[in-house]
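What the coordinates show
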Amino acid sequence: HLDATPDERAAYLKHAAGWTSSATTLAPGSVTLHAGRNDFAFHRKSDTEYFVIENRAASGRDAALDADGVAVWHVDEQGSNNHEQGTVNLHYECALIQADGLRELENRINDGDHRDLFRAGHNDSFGHMTRPESVWWNRSVSGLDILNISAAGPQMQFDVVEMECGA
C-alpha cells in the first residue's frame, strides 16, 4: 500500500512560503543545521540565483527517504522546471545537486537514491574543486566551499572555508 504521509517539501519551497525558522547566510566557520525545523543556509549570487542548504533526516515525515544528509539545492527563480537539460539557458528553477554527481533525477534513471545527499562516509564536501562542483548556471565559480560534512543525523555540521565571490 502507499504511504499517505507526504515527505517534507524542499527548502526552496518552504522558504518561498515563508516557513523558514532560521536562515543562515554562509560565511567562513562552522554551520549546524537541524532536520525537520525549517533551518536553512544560503549562499547567494543574486536575489534570484542562489544555493539553499538543508539537513534531511529519514525520520518523521521524511521517514521514507532513501537517503539522509545535507541537501544542496541550486535555485534560479528565472529557470523553469520544464528544463532538465542543466545548461546555462535551459535549467530547473530548483535543482537538487546530487552528491554522486550522476544527475540521475534529470535523466529519469531513478526518483532519488541513497547517494544523492552529502554526508560523512559518502561525499563530505562541495566546492569549486569537487564533483559535483559549486558553480553558477553560467559556469562561473560560486565561491561556495563546504568541507567536513558530518555523519547524517538530526543535527549536522559542516565547515565553510574562506570564499571568493563568483559572478
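Residues numbered from 1 in each chain as written. Predicted model: local features only at pLDDT ≥ 70, side-chain atom pairs only at ≥ 80, totals over all residues. Heavy atoms only, no water.

A word on empty space enclosed by the protein
We apply this condition: Every definition here rests on a 1 Å grid over the protein atoms only: cavities are sets of points where a 1.4 Å probe fits but cannot get out, pockets are open sets enclosed by protein on both sides within 12 Å along at least five of seven lines, and lining residues have some atom within 4 Å of a point. Grid points are joined across faces, edges and corners, and a volume is the space filled by probe spheres set on the points. Helix numbering and strand numbering both begin at the N terminus, where a helix is a DSSP run of H or I of at least 4 residues and a strand a DSSP run of E of at least 2. We call Asp, Glu, Lys and Arg charged. Ala, Val, Leu, Ile, Met, Phe, Trp, Tyr, Cys and Pro are nonpolar, and the rest, Gly among them, are polar.
Using the criterion set out here, one finds one cavity of 30 Å³ or more in the structure. Roughly 70 Å³ of internal volume is contained in the largest cavity. Residue lining of the largest cavity: 13 residues in total, with K14, A35, G36, E54 and N55 positioned closest to the centre. When residues of the lining of the largest cavity are traced back to their parent elements, those giving at least two are strand 3 (39-44) and strand 4 (49-56). When residues of the lining of the largest cavity are assigned to their parent elements, the largest contribution, three residues, is made by strand 4. For the lining of the largest cavity, the per-class residue count stands at two nonpolar, four polar and seven charged.

Examining the side chain of D39
Quick note on the threshold: Summary of the burial criterion: residues with accessible area below 20% of their type's maximum are buried, those above 50% are exposed, and those between are partly exposed, where the area comes from a 1.4 Å probe applied to protein chains only. The charged-residue count follows a simple rule in which Lys and Arg add positive charge and Asp and Glu add negative charge, with His and chain termini not counted at all. Only one rule defines a salt bridge in this text: a Lys or Arg side-chain nitrogen within 4 Å of an Asp or Glu carboxyl oxygen. Contacts are assigned to residue pairs with any non-hydrogen atoms lying within 4.5 Å of each other.
Position of D39 among the secondary structure elements: in strand 3. Here D39 occupies a buried position and makes no salt bridge, while the nearest side chain of opposite charge, R37, is found at 6.0 Å. Those residues in contact with D39 that sit more than four places away from it in its chain are S21, S22, T32, L33, H34, I53 and E54.

Quick notes on the nonpolar core
Cut-off, in case you're wondering: Definition used in this section: a nonpolar core is a set of buried Ala, Val, Leu, Ile, Met, Phe, Trp, Tyr and Cys residues joined via side-chain atoms within 4.5 Å.
Counting residues in each nonpolar core, the largest one holds 19 residues, and the members touching the most others are I53 and F158. Contributing elements (two or more residues each) for this core: strand 2 (29-34), strand 4, strand 5 (69-76) and strand 8 (155-160). Ranked by the residues each element gives to this core, the list is headed by strand 8, at three residues. Other than its neighbours up to four places away in sequence, F158 contacts L26, G29, S30, V31, L33, I53, V70, I146, L147, N148 and I149. F42, Y50, A71 and L96 belong to the second largest nonpolar core, which has 14 residues in total.

Examining the pairing of strand 3
Put simply, the test is: Note: two strands are recorded as paired if DSSP finds a minimum of 2 bridges between them.
The buried count for strand 3 comes to five of six residues, which makes it a mostly enclosed element. Inspection of the sheet shows strand 1 (residues 22-25) paired to strand 3 by four bridges, in the parallel sense. Paired with A23 across the bridge in strand 3 is F40. Strand direction decides the pairing type here: strand 3 and strand 4, joined by four bridges, are antiparallel. The residue of strand 4 that forms the bridge with R44 is Y50. Counting the residues in the hairpin turn of strand 3 and strand 4 gives four residues.

Section: the sheet that holds strand 6 (residues 94-97)
So the rule is basically this: Orientation is described by lines fitted to C-alpha atoms, with helices fitted over the stretch in contact, and by angles between N-to-C directions that extend from 0 to 180 degrees.
Across the sheet, which stays open at both edges, the five strands sit in the order 1-3-4-5-6 with mixed pairing between neighbours. The outermost strands of the open sheet, each flanked by one partner alone, are strand 1 and strand 6. Adjacent strand axes in the sheet meet at a mean angle of 30 degrees, parallel and antiparallel pairs treated alike.

Considering the layout of surface pockets
If you add up the space inside the largest pocket, you get close to 800 Å³. If you trace the largest pocket, you find 33 residues lining it, with D7, R56, W73, L96 and D111 closest to the centre. Elements that contribute at least two residues to the lining of the largest pocket include exactly helix 1 (11-16), strand 5 and strand 6. Of all the elements, strand 6 adds the most residues to the lining of the largest pocket, at three residues. Its residues assigned to classes, the lining of the largest pocket shows 16 nonpolar, five polar and 12 charged. By volume, the second largest pocket is sized at about 380 Å³. Contributing to the lining of the second largest pocket are 19 residues, with I97, R103, P132, W137 and R139 lying nearest its centre. At three residues, strand 6 tops the list of elements feeding residues into the lining of the second largest pocket. Classifying every residue of the lining of the second largest pocket gives nine nonpolar, five polar and five charged.

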